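A look at the structure
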Amino acid sequence: MRISDVIARTVTQRRTLVWCSVAVLALGCIAILVTQLRLDSDVLNILPASFRSVAGLKIYDREFEQTRQLTFALVCAPDDVEKLEEFAPVFADKLRQQSWCTRVLAGSPMQTPDGIRDLQSIAVPLLLNLEPGVFNETISILQPQKIRDRLHRLHQQIEAGSPRPEFELAFDPLGLIGPALKPFAESTAIEEDQPLASSDRTMRVFLAVTNQESISAFACQRLMRQVNAFRANAREGWNGGRLEILVTGRSAYVAEISLSMRYDIVATLLGSVVLVGSIFFIGFRRWLPLLGMGFSLLLSCLVALTLGLLIFRQLSMVSVGFCAILVGLGVDFAILTFGRYQQARIDGQSHRQGIATSVAKLGRAVFFGALTTAVGFLALILSGSMGFSQLGVLIAIGIFFAGLFMCTILFLFVRERQPPLRHDWVFEMVKKYVRWSVERPAPMLIFASALLLLLTVIGLSPVPPLHFEASTRSLEPKNSRASRALQAIMHKMPMRWEPVLAIVQASNPQELHDDWQKIAAHWSELQTAGKIKSFSTPAALCLSPKSMQRNREQLSEIDFQTARQTLDQTLDTEGFSRDAFAPAFTLLDNLQHLVDPNAPLPNWREKLPASSSWWFLVDRYFGQDPLLTTGFVTTNEPVSTYAQRVNLGGDLPVTGIPMTLSGWSYALADLLPWSHRQLLIISALMAIFDVSLLAILYRNLRLWVIQVITLAFAIGAMIASMKLLRIDLNLLNVLSFRLVLAIGVDYGIYVVLVWQKTHEIEHDVAGVVKPVLLAGLTAVSGFGSLVLARNPSLSSLGSACAIGIFWSLVATIFFTLPAMAATEPKSSSKD
């Protein structure tokens, strides 16, 4: 017994068994999804993970404390700048009182007593970390005569009315702290790198570190609910005009992206279902089969989602769009099988015979259609992007199950006693077109060839150009409040451009110190040569145990008792208050304590208070692992080309020091060749697979050539349309070309296979052209519904694919069919 007969018998005579199997399958999938579903909202997982620059972004994004940092901004009208200055400390205090906030930076730490005191607390370890020559010169300040000369000079300057000596005495009474902190000050300038007030004073920025345990989607959503509640009440005490409170940061982005994923799933799926369902009903005017189609597609999505979750453990924000795509593609099989079933019923066959005929006649076409589509989407694995790899695997799984369910479960919703549709205006129109194009193929063939050739020429010509957008705008969420807040801050306080990150990890503190000393020296040479504009490193905070031990030995030569007595006597002579110089005596005690070789070497991490604002600066350079660090290089021009990336990749590294260069602009420039390769090489491989499969299927040179020309016309028209509609290519929608090749070839397969075997042109060819027409429109609708997605990568992929599939459908109906009629004429009536 043929498989088609077994399917027809099972569906018609063992319906209860089939329904029980479906129920078990659906309940099993739902149970797995409810207990194990995890969503990955990391936008970096859209990018190919094999690139070191992308890996560097992930390291910086996950391992450095800035991942738990939120940036608040207060924006007022120009008339309220004075009120904003008064309100800023009030807002900062409110922010510090929040249970989810651990640290707040409201201004330069050097402008606060706590900030000055915190710097004094780390002076000893940084002093010991100085180079031996610099350390010896600095520590010589403790000679009695130098102490007397320094305090006398400062006393005279104070009497002369200069304010600077008072600050110097409060901050560095002995003159040791300044030299100790000099390397730190040279490599870190917070007011230049991170300004906290706009030049017109209408914006104030506050940095806050949260205490969230993880940066998962649900943790970020909980945090942002608390943050938004704080924002709603934070204006209390403001007596000016409109005050806008903006917030941005990784947690804000993750919360919005994860919530938008729900919207994307619902909006794209509902949009696709409504459009696809409308097309199906217009074509067949049956409600129950429409319900069956929807149920089969939903079950296909459920199975694919479950298997995908078991394979990948978590699903990315891009893969959530597979449902809408699968609906648009899977309905093709429903249209084909149900359309052939209806035709069989019109021809007088019974319900069971009609099912068997539909599966027998189109089962092979459905299989190969599913194969080419699945291969096209599985090719997304070659992109190296986890998000698009998941998308490809989910759709490949779903498309196979959709083909299976449309040949089985769909017929559970077709009533045996329902009379066949007697008047089908869509079929009548298609049949008239088929008859005309077969009997007189020349007019349509000439017109279609001219139009498609013109569009192909436009597509391949350099004018107008097809622009390639290599920027973060193609990855940012649409209408994101966090994104708008960041743009507003950057507009008010623009930095020159994003620096290049250099991530360095060492195995021990001495190696880390030596590496950054070499890097800083090398980058200084590059800066002198004009190859880079500026740089900053954590070199001053990377302690050298060897230098610290050597310098500690030098402390034994200092007579601290004499230095203490000299300081005490000079204070009395110059009339200074002894209480004001308490930090100086404490510093001498700490240094004297280190003379003991058994005393542990000091560590600035242990000295700097956990609540200190200086951690905001330190966290820029050090990851959660103290041996994981990063430096920043400002280039002469923004990094936007691969040539710049190559030059930087050759200039910045130091021989023998493992270094990962990264940064958004640098990574996107690094990905340009990859995106071009996706567009050219991988699409070419997909085309080779298609033409090879067509040669095996058709075994007819003329039909094979016609189908290859059809594919070429479709891609050419697709590129031309994107040019004329000013749709830019980006790092992600370049993947659409391989998908169009995989999906577009199916329409030709359906039509050509029927053409080769039929002897009743109007009956058989029209019977497949109508489903192909409806299937093409549903595929366009499925991809077109992705335009509703808030995720721009998913939206741009959907629009590009919709355009390509539309032209594949047009080329198949208006070029392939008349071309076959012209090269292999057949009578439009029964033989």
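Since the model is a prediction, treat every value here as computed from it, not as a measurement.

Side note on the overall build of the protein
From N to C terminus, the protein includes 33 helices and 12 strands. Against the compact-globule benchmark of 28 Å for 831 residues, the protein has a radius of gyration of 36 Å, which places it well outside the compact range. Its C-alpha atoms put the protein at 125 × 55 × 50 Å along the principal axes. Of all 831 residues assigned to the protein, the portion counted as buried reaches 56%. The long-range fraction of contacts in the protein, counting pairs at least 24 apart against all pairs at least 6 apart in sequence, stands at 83%. Split by element, the accessible area of the protein, about 35,400 Å² in all, is 59% carbon and sulfur. The averaged location of the 67 negative side-chain charges in the protein is 16 Å from the averaged location of its 73 positive side-chain charges.

Re the pairing of strand β2 (residues 69-75)
For β2, the buried fraction is high: 7 of the 7 residues fall into the buried class. The alternating pattern of β2 places Gln 69, Thr 71, Ala 73 and Val 75 on one face and Leu 70, Phe 72 and Leu 74 on the opposite face, and all of these are buried. Strand direction decides the pairing type here: β2 and strand β4 (residues 203-210), joined by 7 bridges, are antiparallel. Across the sheet, the residue bridging to Val 75 is Met 203, located in β4.

Description of the nonpolar core
Membership of the largest hydrophobic core comes to 138 residues, with the highest contact counts inside it found for Met 293, Phe 322, Leu 329, Phe 377, Val 434 and Phe 783. Residue contributions to this core peak at 17 residues, all from helix α33 (residues 792-823). When residues no more than four places from it in sequence are discounted, the contact partners of Phe 783 are Ile 325, Leu 329, Phe 377, Ile 743, Gly 798, Ser 799, Cys 801, Ala 802 and Ile 805. Grouped together as the second largest cluster of nonpolar side chains are 77 residues, Leu 126, Ile 519, Ala 539 and Ile 657 included.

Comments concerning the domain arrangement of the protein
It is common to report an interface's size as the accessible area lost on association of the parts. Here the protein is partitioned into domain 1 (1-36 + 299-414), domain 2 (58-108 + 195-285 + 477-493) and domain 3 (432-470 + 671-831). Once you take the C-alpha centre of each, domain 1 and domain 2 turn out to be 41 Å apart.

Quick look at the sheet that holds strand β8 (residues 500-505)
One open sheet holds the 4 strands; their spatial order is β9-β10-β8-β11, and the pairing between them is antiparallel. A strand with exactly one partner marks an edge of an open sheet, and here the two such strands are β9 (534-536) and β11 (660-662). Looking at each pair of strands side by side, their axes are set apart by 20 degrees on average, direction ignored. Running at roughly 85 degrees to β11, helix α3 (residues 52-63) makes contact with β8, β10 (628-634) and β11 of the sheet.

Quick word on unusual backbone geometry
A negative phi holds for most residues other than glycine; trans holds for most peptide bonds. Geometrically, the link from Val 463 to Pro 464 is a cis peptide bond, its omega value of -5 degrees lying close to zero. Positive phi, normally seen in glycine, also occurs at Arg 313, with a value near 75 degrees. Relative to the elements of secondary structure, Arg 313 occurs in the loop between α14 (287-312) and β6 (315-316). A relative accessible area of 53% means that Arg 313 is categorised as exposed. A positive phi is found at Arg 699, a non-glycine position, where the angle reads about 50 degrees. Mapped onto the fold, Arg 699 is located in the loop between α29 (672-698) and α30 (701-724).

Points about the packing of helix α23 (residues 560-574) against helix α24 (residues 582-593)
Running from amino to carboxyl end, α23 crosses α24 at an angle of 175 degrees, the nearest separation of the two axes being 10 Å. In terms of axis orientation, α23 runs roughly antiparallel to α24. Between α23 and α24, the contacting residues are Phe 560, Arg 564, Leu 567, Asp 568 and Leu 571 on the first element and Ala 584, Phe 585, Leu 588, Asp 589, Leu 591 and Gln 592 on the second. Grouping the constituent residues of the contact of α23 with α24 by class yields 7 nonpolar, 1 polar and 3 charged.

A few points about helix α1 (residues 3-13)
Side chains three or four residues apart in an α-helix point the same way, a direct result of the helix having 3.6 residues per turn. Three or more residues of α1 are buried, namely Ser 4, Ile 7, Ala 8 and Val 11. Around the axis of α1, the buried residues are gathered within 95 degrees of arc, so they sit on the same side. Where α1 is buried, its residues meet α2 (15-36) and α16 (351-378).

A look at the confidence of the model for the protein
Per-residue pLDDT for the protein has a mean of 85; in total, 94% of the residues score no lower than 70. When pLDDT is averaged over each helix and strand of the protein, the minimum, 45, is found for helix α11 (residues 190-193) and the maximum, 95, for β11.

With respect to the environment of Gln 98
Of note, Gln 98 is situated in the loop between α4 (81-96) and β3 (101-105). Expressed as a C-alpha distance, the spacing of Gln 98 and Gly 459, which sit 361 residues apart in the sequence, is 57 Å.

Brief notes about the side chain of Ser 296
Following the sequence through the fold, Ser 296 ends up in helix α14. Overall, Ser 296 belongs to the buried group, its relative accessible area being 0%. Apart from residues lying up to four places away in sequence, Ser 296 is in contact with Phe 405, Met 406, Ile 409 and Leu 410.

Observations concerning a nonpolar patch on the surface
Together, Leu 680, Ile 681, Leu 685 and Ile 688 line one region of the surface with nonpolar side chains, adding up to about 400 Å² of accessible area. Turning to its location among the elements, Ile 681 is positioned in helix α29. Overall, the relative accessible area of 45% leaves Ile 681 in the partly exposed class.

With respect to the pattern of salt bridges
A full pass over the atoms with the stated rule returns 14 salt bridges. A salt bridge links Arg 103 to Asp 619, with the nearest nitrogen and oxygen atoms 3.0 Å apart. Placement of the pair is Arg 103 in strand β3 and Asp 619 in helix α26 (residues 615-621), with a sequence separation of 516 residues. The exposure class of Asp 619 is buried, given its relative accessible area of 13%.

Quick notes on the environment of Ser 534
The residue Ser 534 is located in strand β9 in this model. For the pair Ser 534 and Asn 136, spaced 398 residues apart in sequence, the C-alpha to C-alpha distance is 30 Å. When near neighbours in sequence (up to four residues on either side) are disregarded, Ser 534 contacts Gln 527, Phe 632, Val 633 and Thr 634.

Things to note about the sheet that holds β4
Pairing within the open sheet is antiparallel, and its 4 strands lie in the order β3-β4-β2-β5. Of all strands in the sheet, those with a lone pairing partner are β3 and β5 (244-249), marking the two edges. Recorded for the sheet is a direction-independent mean angle of 25 degrees between the axes of neighbouring strands. Note that β3 and β4 share 4 bridges and pair antiparallel. Bridge pairing in β4 places Cys 101 opposite Thr 210. Along the sheet, α4 makes contact with β2, β3, β4 and β5, crossing β4 at roughly 10 degrees. Its contacts with the sheet put helix α20 (residues 481-492) on β2, β4 and β5, and the angle it makes with β5 is roughly 105 degrees.

Conventions used here
- Residues numbered from 1 in each chain as written.
- Predicted model: local features only at pLDDT ≥ 70, side-chain atom pairs only at ≥ 80, totals over all residues.
- Heavy atoms only, no water.
- Helix = DSSP H or I, 4+ residues; strand = E, 2+ residues; numbered from the N terminus.
- Rg over C-alpha atoms; globule rule 2.2 N^0.38 Å.
- Buried < 20%, exposed > 50% of the residue type's maximum accessible area, 1.4 Å probe, protein only.
- Contact = heavy atoms within 4.5 Å.
- Areas by Shrake-Rupley, 256 points an atom, 1.4 Å probe, with all protein chains shown as cover.
- Lys, Arg positive; Asp, Glu negative; His and termini not counted.
- Charge placed at Lys NZ, Arg CZ, Asp CG, Glu CD.
- Pairing = 2+ DSSP bridges.
- Core = buried A, V, L, I, M, F, W, Y, C linked by side-chain atoms within 4.5 Å.
- Domains from an automatic or database assignment.
- Axes fitted to C-alpha atoms, helices over the stretch in contact; angles between N-to-C directions.
- Parallel < 35°, antiparallel > 145°, perpendicular 65-115°, else oblique.
- Nonpolar A, V, L, I, M, F, W, Y, C, P; charged D, E, K, R; others polar.
- Arc of directions from axis to C-beta.
- pLDDT = per-residue confidence, 0-100.
- Patch = residues over 30% accessible without salt bridge, like charges linked within 9 Å, V, L, I, M, F, W, Y side chains within 5 Å.
- Salt bridge = Lys/Arg side-chain N within 4 Å of Asp/Glu carboxyl O.

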